[in-house]
Amino acid sequence: MNVTFLLNGETVKVEAEPTRTLLDWLREDRALCGTKEGCNEGDCGACTVMVTDADGAKALNACILFLPQLHGKAVRTVEGISGPDGALHPVQQAMVDHHGAQCGFCTPGFIASMATGHLQGRSDHDDVLAGNLCRCTGYAPIVRAAEATADAPVPPWMNDSVPQVEAQPYGPETLDELADWYAAHPDATLIAGATDVGLWVTKQLRDLPQVAFLNRCKELRGITQTDKTIHFGAAVTMTEVLAAIGKDHPSYAELIRRYGSEQVRNAATIGGNIANGSPIGDNPPALIAMGATLHLRHGDMTREMPLEDFFIDYGKQDRAPGELVTYVTLPKKAPALRCYKISKRFDQDISAVCGCFNVIVADGIVSSARIAFGGMAGTPHRAHQVEAALTGQPWTRGTITNAAARFGEDYTPMSDMRASAAYRSEIAQNLLHRYFADMTGQATSVLEVTP
């Protein structure tokens, strides 16, 4: 397929295989080897590049970014972050001045992330850089370098426009076109952010003979808010979800802030995280606890269901061949919602357990309870027995203790590299106690504990 984009200010036209990664193309076809291959799964950030489209600039992992996703966009690698005459970008000079590099393998990715954050006017440097791993220098001098450039002007060469391009056969631009194509090609793979599918190619070496990219389908990119609901298109990125729900759902927003990294959130989509059916996806527990609704389409036919009913068994969802996830709707307000992510690494790590609680108490009595966990079974699902033990009971420590003992009736967790079954079972009970403490005004955040 033909792909057209700007590369370091120059228009390029590429005849590309649909699942050729930007990283491979840069290093093998263009000899732009500053962008490094580290983990090749979007975890280390060594391959970070800056990608600009109509919505602005964002940092993305080139190792799991397919070339067709760049159609009509602008890309800057570390070679293009310095000026045409070789002048250093302010973040590059600051990394020199503050001794921000030792072996240098990770440095190009840091530079790309820092330059993107600088262009955006960001000051939350820890979040901007959380997706870039360094094991030599340590983060302090790198963060100092980012801080030092806060007031430096953006170099003129960094303001990319985007080229005008024609539609692609692999990139449907309307939902009708996409639904018809997918109904006719039910064995095809739909690619939104490629944060999961990318690993099928780079790690599992899978051949994907038929694909369609969703990033150009505007109907799946929209967010609609009313007094009662927030309605997300399936191709809305997690960065966009975070911005939309921060005010109304702060606990869910904090869960999303720890979801992957800046680069991953800029690519990953809410629909993709649901449709892949992972038992450790972080969105479904929160959405199930809120009572979210999932919308699907097959050809001209549409249907909707409670999100909790979508997950049937491990690797199996209530989705027919050729049927796609189109939207997800959640309540505008859920003041009792709290989300707790337990992982070995605080930022940018896969959950061992993710528990979300939404318990309504009226006059000291539990009137309703929705509790959902990921990482406790083959699918994310509700703790029905625990909910039953809470409902109608006084909101007291004794009720919590009695209800926590029922988790064994709801879940039979497994042991794996992230946690043992016994640990997961104990954590689930502890999180119910934590929720009670949280909702009764006690300090529970590990980030707020002081000696």
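Everything below is about the structure printed above this text.
Residues numbered from 1 in each chain as written. Predicted model: local features only at pLDDT ≥ 70, side-chain atom pairs only at ≥ 80, totals over all residues. Heavy atoms only, no water.

Undergrad: A description of the overall build of the chain should follow, citing residues and the corresponding values.
TA: On a plain count of helices and strands, the chain comes out with 17 helices and 18 strands. Here the C-alpha radius of gyration of the chain, 23 Å, is about what a compact globule of 451 residues would show, namely 22 Å. Judged by the C-alpha coordinates and their principal axes, the chain covers about 70 × 60 × 40 Å. Split into buried and exposed, the 451 residues of the chain put 54% on the buried side. Contacts in the chain between residues at least 24 apart in sequence constitute 64% of all its contacts with a sequence separation of at least 6. Counting only carbon and sulfur atoms, one obtains 51% of the accessible surface of the chain, whose full area is about 19200 Å². (Helix = DSSP H or I, 4+ residues; strand = E, 2+ residues; numbered from the N terminus. Rg over C-alpha atoms; globule rule 2.2 N^0.38 Å. Buried < 20%, exposed > 50% of the residue type's maximum accessible area, 1.4 Å probe, protein only. Contact = heavy atoms within 4.5 Å. Areas by Shrake-Rupley, 256 points an atom, 1.4 Å probe, with all protein chains shown as cover.)

Undergrad: Account for the environment of Thr-116, with residues named and values stated.
TA: Considering the arrangement of structural elements, one finds Thr-116 in helix α4 (residues 107–120). When sequence neighbours within four positions are dropped, the list of residues in contact with Thr-116 reads Met-50, Ala-57, Lys-58 and Ala-59. Among the polar contacts listed, one links the side chain of Thr-116 to the backbone oxygen of Ala-112, at a separation of 2.8 Å. (Polar contact = N/O pair within 3.5 Å; in protein donor to acceptor, adjacent residues only side chain to side chain.)

Undergrad: Which residues make up helix α17 (residues 421–439), and what values go with them?
TA: Compared with the 27 Å implied by 1.5 Å per residue over 19 residues, the 27 Å span of α17 between its first and last C-alpha is a close match. Along α17, the residues classified as buried are Arg-424, Ile-427, Ala-428, Leu-431, Leu-432, Tyr-435, Phe-436 and Ala-437. In this structure, the buried side of α17 is in contact with β15 (337–342), β16 (353–362), β17 (365–374), α14 (384–390), α15 (397–404) and α16 (407–410). Looking at the residues trailing α17, positive phi occurs at Gly-441, about 90°. (Expected span 1.5 Å × (residues − 1).)

Undergrad: I'd like a description of the sheet that holds strand β8 (residues 223–225), backed by residues and values.
TA: Within the open sheet, the 5 strands sit side by side as β8-β9-β14-β10-β11. Their pairing is antiparallel. The open sheet has two edge strands with one neighbour each: β8 and β11 (301–306). When strand polarity is set aside, the average angle formed by the axes of neighbouring strands in this sheet is 20°. (Pairing = 2+ DSSP bridges. Axes fitted to C-alpha atoms, helices over the stretch in contact; angles between N-to-C directions.)

Undergrad: Run through the pattern of salt bridges, naming residues and quoting values.
TA: A full pass over the atoms with the stated rule returns 30 salt bridges. Two residues, Asp-300 and Arg-297, come together in a salt bridge whose shortest N-O distance is 4.0 Å. The exposed category is assigned to Asp-300, whose relative accessible area is 65%. Between Asp-438 and Arg-338 there is a salt bridge, with the nearest N and O atoms lying 3.7 Å from each other. (Salt bridge = Lys/Arg side-chain N within 4 Å of Asp/Glu carboxyl O.)

Undergrad: Give a description of the nonpolar core that names residues and reports values.
TA: Counting 38 residues, the largest nonpolar core has Phe-232, Val-241, Tyr-252, Ile-270, Ile-274, Leu-287 and Leu-294 as the members making the most contacts within it. Sort the elements by how many residues they give to this core and helix α13 (residues 283–290) lands first, with 5 residues. For Tyr-252, the contacting residues outside a window of four places in its chain are Val-241, Ile-245, Ile-270, Asn-283, Ala-286, Leu-287, Met-290, Leu-337 and Cys-339. Formed by 27 residues, the second largest nonpolar core is a distinct cluster that contains Val-353, Val-366, Ile-371 and Ile-427. (Core = buried A, V, L, I, M, F, W, Y, C linked by side-chain atoms within 4.5 Å.)

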